[in-house]
Amino acid sequence: MIQEDGLPESDEPTATRRVADDTESSRASRGWWDRNADEYQSEHGGFLGDDRFVWGPEGLDEAEAQLLGPVAELKGRDVLEIGAGAAQCSRWLAAQGARPVALDLSHRQLQHALRIGAGFPLVEADAAALPFADASFDLACSAYGAVPFVADPVRVMREVHRVLRPGGRWVFSVTHPIRWAFPDEPGPEGLSVAASYFDRTPYVEQDESGRAVYVEHHRTLGDRVRDVVAAGFRLRDLVEPEWPHWNQQEWGGWSPLRGHLIPGTAVFVCERD
């Protein structure tokens, strides 16, 4: 019997905390998203929309937040979306007159981008080795893409820094670091601290042979700031979206109950000097 994640029942992954390097993390992410892209888009596609730019489960919309800058100034800008999935954010950017490029590690996720429709380039590549020339883009963005899943986020950010033009903005969202201290549960059981916030050991799901099939890396808030600075960026803002009253959905461990009490997403607004 095959499970929803595409693994045979006997190979249902086991969750653990252990070291996972760049190579293992990248391989696991590519496989996981290829296996789970269909389910992900089916479950969350309605919330994400086909051409909406949402920074996280709270529903913070770029049309209102304007973290990349005023909407009116996006026209004619070259924008790189990293970890684009089905390219919903890039589709919104294109509608504002920008020239987006949607990049993702997962072939299946990009097939969903093609299914919905994309009048802009789709690129299958690793965020740690961007296949673009120096100073190719005015802006770069990532809504929960790539950064939480790599062992060396500074390497990714240095690549982003390289392909941005001077003055370019890099905005990315990740799971808020404080969430790592709490169980990943949307109900009351997810409101009690269960682990050390300072334990940076990666979360790994592995098969019976010990091969990682999903990896997520924890960085503290201070780590994230230092990563941004180490890559040569200046941090302009750190946004912690509050849970809006209109949003009644649960998304994994994100929920109205938890969202009204603790932050679930952190959005870093950075600028290349």
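Residues numbered from 1 in each chain as written. Predicted model: local features only at pLDDT ≥ 70, side-chain atom pairs only at ≥ 80, totals over all residues. Heavy atoms only, no water.

Caption draft 1: Layout of the sheet that holds strand β10 (residues 265-272). Here we have seven strands laid out as an open sheet, ordered β4-β3-β2-β5-β6-β10-β9, and mixed in their pairing. At either end of the open sheet lies a strand with only one pairing partner, and these are β4 (122-124) and β9 (233-239). Averaged over all pairs of adjacent strands, the angle between strand axes in this sheet comes to 20°, irrespective of strand direction. Pairing of strand β6 (residues 164-175) with β10 involves seven bridges; the strand directions are antiparallel. For S173, the partnering residue across the bridge sits in β10 and is V267. Each of β3 (99-104) and β4 is contacted by helix α4 (residues 107-116), which is oriented at about 170° to β4, the strand it contacts most. (Pairing = 2+ DSSP bridges. Helix = DSSP H or I, 4+ residues; strand = E, 2+ residues; numbered from the N terminus. Axes fitted to C-alpha atoms, helices over the stretch in contact; angles between N-to-C directions. Contact = heavy atoms within 4.5 Å.)

Caption draft 2: Structural context of α4. Of all the positions in α4, only Q109, L110, H112 and A113 are classed as buried. The arc that holds the buried residues of α4, viewed along the axis, is 150°, so those residues lie on one side. Exposed and oriented more than 90 degrees from the buried face of α4 are L114 and R115. Where α4 is buried, its residues contact α1 (22-48), α3 (88-95), β3 and β4. With its phi angle positive at about 120°, G117 sits one or two positions after the end of α4. (Buried < 20%, exposed > 50% of the residue type's maximum accessible area, 1.4 Å probe, protein only. Arc of directions from axis to C-beta.)

Caption draft 3: Spatial organisation of the packing of aromatic side chains. If you walk through the whole model with that rule in mind, you get 15 aromatic pairs. Pairing F47 with W251 gives two aromatic rings, centres 5.8 Å apart and planes at 90°, and the pair type is edge-to-face. Taken together, the residues span a long stretch of sequence, with F47 in helix α1 and W251 in the loop between β9 and α7 (256-259) at a distance of 204 residues. Accessibility expressed as a relative area gives 14% for F47, which makes it buried. Note on W251: relative accessible area 11%, which makes it buried. Ring centres 6.2 Å apart and planes at 70° place the aromatic pair Y203 and Y214 in the edge-to-face group. One end of the pair, Y203, is in strand β7 (residues 203-206); the other, Y214, is in strand β8 (residues 212-216), with eleven residues separating them in the sequence. Clustering of aromatic rings is evident, with ring pairs tying together W32, W33, Y40, F47, F149, Y203, Y214 and W251. Taking the ring centre of F47 as reference, the NZ or CZ of R52 above it sits at 5.2 Å. Its guanidinium or amino end placed over the ring of W254, R179 lies 4.3 Å from that ring's centre, counting from NZ or CZ. (Phe/Tyr/Trp six-rings, centres within 6.5 Å; stacked < 30°, edge-to-face > 60°. Lys NZ or Arg CZ within 6 Å of the ring centre and 35° of its normal.)

Caption draft 4: Quick look at the pairing of strand β5 (residues 137-143). Across the seven residues of β5, six count as buried, placing the element largely inside the fold. One ladder, built from three bridges, connects strand β2 (residues 78-82) with β5; its direction is parallel. Its bridge partner being in β5, L80 is matched across the sheet by A140. Of the strand pairs in this sheet, β5 and β6 are connected by six bridges, and their pairing is parallel. Paired with L139 across the bridge in β6 is R169. Once you follow β5 into helix α5 (residues 153-163) and on to β6, the crossover reads as right-handed. (Right-handed = clockwise from strand over helix to strand, strands pointing away.)

Caption draft 5: Broad picture of the packing of α5 against helix α6 (residues 221-230). Interaxial distance between α5 and α6 falls to 8 Å at its minimum, and their mutual angle equals 40°. If you check the angle between α5 and α6, you find them oblique. Judged by the twist between their axes, the crossing of α5 over α6 is right-handed. Counting all contacts with α5, which are made through P153, V154, M157 and R158, the residues of α6 involved are R224, D227, V228 and A230. (Parallel < 35°, antiparallel > 145°, perpendicular 65-115°, else oblique. Left-handed = near helix turned anticlockwise from the far one by under 90°.)

Worth remembering: the numbers are spatial, not functional.
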